[in-house]
Amino acid sequence: MEHETIRYRRLFILFGVVCVGCLILIIQLIRIQLIHHLSLTEASVRQRQKIYFNQKVQGSFYDRNFRLLRGPVTARYLMVIPGEYPSGLTKKVLNIMPPDFQQAFMKRKGKDLWIYPRELSRAQQDAICRLRSPYFQVVEGLTTRQSTGNLAWHILGMNRSNANLSGLEASFKSFLHHRYSVQTVFSVVDGLQSPIPGLGLRLRSSVARHGVVLTLDARYQQVIENIMDREKVNGAVVMLDVKNGQILAMASRPVVQLDRIADSLGSSEKPFLNRAIAAYYPGSVFKLVILCAGLDSGFITGQEEYDDPGYFQAGERKWPCTTSKGGGHGRISLTDALAYSCNPVFIQLVIDMKPERVLDYAEKLGMGLPANIGLQNESYGHLPSGIGLTLGEQANLALGQQCISTTPLQIASMIQTIANDGLRIKPTLVQGVIDNDGSVHVFEKPQAERVLSEETARKIQQMMAAVTRYGTGTEAQISEGAAGKTGTAQVGNDQRLPDHAWFAGFAPLKNPRYAVVVFCEKGGFGGKTAAPLFKEIMENVNKIAD
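Just so we're clear, the structure is a prediction, and the values are computed from it rather than from any experiment. (Residues numbered from 1 in each chain as written. Predicted model: local features only at pLDDT ≥ 70, side-chain atom pairs only at ≥ 80, totals over all residues. Heavy atoms only, no water.)

A. View of helix α14 (residues 355-364). Regarding α14, the residues found buried are P355, V358, L359, Y361 and A362. The arc enclosing the buried residues of α14, seen along the axis, measures out at 160 degrees, which places them on a common side. In the segment just after α14, G366 is the residue with positive phi, at about 105 degrees. (Buried < 20%, exposed > 50% of the residue type's maximum accessible area, 1.4 Å probe, protein only. Helix = DSSP H or I, 4+ residues; strand = E, 2+ residues; numbered from the N terminus. Arc of directions from axis to C-beta.)

This is how it looks when you write it as structure tokens:
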């Protein structure tokens, strides 16, 4: 009986061991089939293929119409096939390719098929094709995202390495790097990793759809950048949608030369600086703030007339009226004072109103604070408190000099407010993002804020129209009608340096759609340099819009 019990016990234990073994086997099969099947499949595939080219590219940037601003695009590369090269062929190829190709070629010559990872220029492609060699062939692949060109470079920023990211590349780093677009060139191999004859090269692409959608319109951006490049303008242009405050275009010059990064780093012209969000003296464009403060607070009605003797004097210093040829305008209306940018009238207005009132409106209009559009290093500008300013400092404040600095983007926001009948909408640059599945998530839009009464805004619109109709900004006038204000601002204390030139305006006149600021660094007089650029920009933009 005891032996029988022992035998059953052994059978039970054996049965238990078998059951546990089967359970472990089932669990392992489940893990393989349901959990790790993808990775194991990929490992199996990797064993059967040999990769020659593997390009990884992060997410993309799109404009408001989903045009690609920066992202993976097709490029061409040189594929080198081992063999007995004809006499002179190698030398011809080395003359076509850049210097670093020779080192890579000599290291891998005759060993294996390989692809040179730097994309070919059009001239290099044509030269390789003319050789008609079976050993050196042009193949397609994806570019890196930096290779799509310089359009909107100061907005998108540097993408050469993680350590040097700037612009929106830095702001959206984690999102853009979440998933890669990948393109792989490979061949199927046998157990000895030798390509199987007759199967040739294969291409596998997996393009991630996620990206960032901007408010920019690539067409307007291209127009502006082309004009700035052709006219060799250093400075910035900002264009806002009057009705919603969105940034339609924003360009800065000079721009970084991607093929000569070292030269750009050492350049005294500071091509990495985004001048659209850097602070400068606004010059006489600030006179619009004075009008906003005076009219909106009820301190003035706009119907007043003033005496312009040709200068304003404080102590031994005189501030001349630069548009009256020394003799002054005499009795002049407020509209004409703005049209001719009469300095003595606006200096007296600031003194009578008190600087604090003017600076309060400057802050309401968006000056002294960054717009926080998603770009690093956006300047605050500078607004003084206004308390304790001397007469000389108040005079300089009225002329947009010394005491105050603003960015072209801040000035554009002020123009948007005036053109939108007193409703300010905080500028925005990013509309939303696109997920991997292609769905678009739009960010919350800023709410309109009543900064000026509609009556005040309408009065200033008409005064600004006088500037382009017969004042200092006639060279900005277009057939659809435009309004604006010129500005000429000293660069600093060095009187020998050329002045900065400004023009800030909106168009069309009757139903404003675009608020545009043109800033020309060391460009001279705003009416002669910046105003004609405004006109050319608006004429080209209107052709596109129509």
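Picking up after the structure, the text goes on.
B. Seen up close, the packing of helix α11 (residues 287-297) against helix α17 (residues 454-469). Between α11 and α17, whose axes approach to 10 Å, the crossing angle comes to 140 degrees. When the interaxial angle is binned, α11 and α17 end up oblique. Relative to α17, the crossing made by α11 is right-handed. Between α11 and α17, the residues in contact are L288, L291, C292, L295 and D296 and T456, K459, I460, M463 and M464, respectively. Residue composition of the contact of α11 with α17, by class: seven nonpolar, one polar and two charged. (Axes fitted to C-alpha atoms, helices over the stretch in contact; angles between N-to-C directions. Parallel < 35°, antiparallel > 145°, perpendicular 65-115°, else oblique. Left-handed = near helix turned anticlockwise from the far one by under 90°. Contact = heavy atoms within 4.5 Å. Nonpolar A, V, L, I, M, F, W, Y, C, P; charged D, E, K, R; others polar.)

C. Here's a closer look at the packing of aromatic side chains. Following the criterion strictly, the structure yields 13 aromatic pairs and no others. Considering the side-chain rings of F105 and F136, the 6.1 Å spacing of their centres and the 40 degrees angle between planes classify their relative orientation as tilted. On the criterion of sequence distance, the pair formed by F105 in helix α4 (residues 99-108) and F136 in strand β6 (residues 136-142) is long-range, its members being 31 residues apart. Accessibility assignment for this pair places F105 and F136 in one class, buried. Taking 4.3 Å as the distance between ring centres and 35 degrees as the angle between the ring planes, the aromatic pair formed by Y280 and F519 counts as tilted. Of this pair, Y280 sits in the loop between α10 (261-265) and α11 while F519 sits in strand β22 (residues 514-520), placing them 239 residues apart in sequence. Three or more aromatic residues link up through ring pairs in this structure, and these residues are Y85, F101, F105, Y116, Y135 and F136. (Phe/Tyr/Trp six-rings, centres within 6.5 Å; stacked < 30°, edge-to-face > 60°.)

D. Inspection of the sheet that holds strand β11 (residues 247-253) at higher detail. As summarised here, the arrangement of the five strands in space is β11-β10-β22-β21-β20, forming an open sheet in which the pairing is antiparallel. Each of the sheet's edge strands pairs with one partner strand only, and the pair in question is β11 and β20 (483-489). Across the sheet, the mean angle from the axis of one strand to that of its neighbour is 5 degrees, orientation sign disregarded. Contacts from helix α9 (residues 218-230) reach β10 (235-241), β11 and β22 within the one sheet, and its direction differs from that of β11 by about 25 degrees. In this fold helix α16 (residues 408-419) packs onto β10, β11, β21 (500-507) and β22, with an angle of close to 30 degrees to the strand it touches most, β10. (Pairing = 2+ DSSP bridges.)

E. A look at helix α13 (residues 343-353). Most of α13 is tucked away, with nine of its eleven residues classed as buried. Turning to α13, its buried residues are N343, P344, V345, F346, I347, L349, V350, I351 and M353.

F. Layout of the sheet that holds strand β17 (residues 430-434). Pairing is mixed across the open sheet formed by five strands, whose spatial order is β3-β2-β9-β17-β18. Either end of the sheet is taken by a strand with one partner, and the two such strands are β3 (68-70) and β18 (440-442). Between one strand axis and the next, the sheet turns through 30 degrees on average, direction left out of account.

G. Here's a closer look at the nonpolar core. Core analysis: the biggest nonpolar cluster contains 90 residues, and L214 and M414 have the highest contact counts within it. With near-sequence residues (within four places) excluded, M414 lies in contact with V285, L288, V289, L365 and M367. (Core = buried A, V, L, I, M, F, W, Y, C linked by side-chain atoms within 4.5 Å.)

H. How the structure looks around the pairing of β22. In terms of residue burial, β22 counts as a mostly covered element, since seven of its seven residues are buried. Both faces of β22 are covered, namely the face carrying Y514, V516, V518 and C520 and the face carrying A515, V517 and F519. Where β21 meets β22, seven bridges bridge the pair, whose relative direction is antiparallel. If you follow F503 over to β22, its bridge partner there is V518. A loop of six residues connects β21 with β22, the two strands running antiparallel in sequence.

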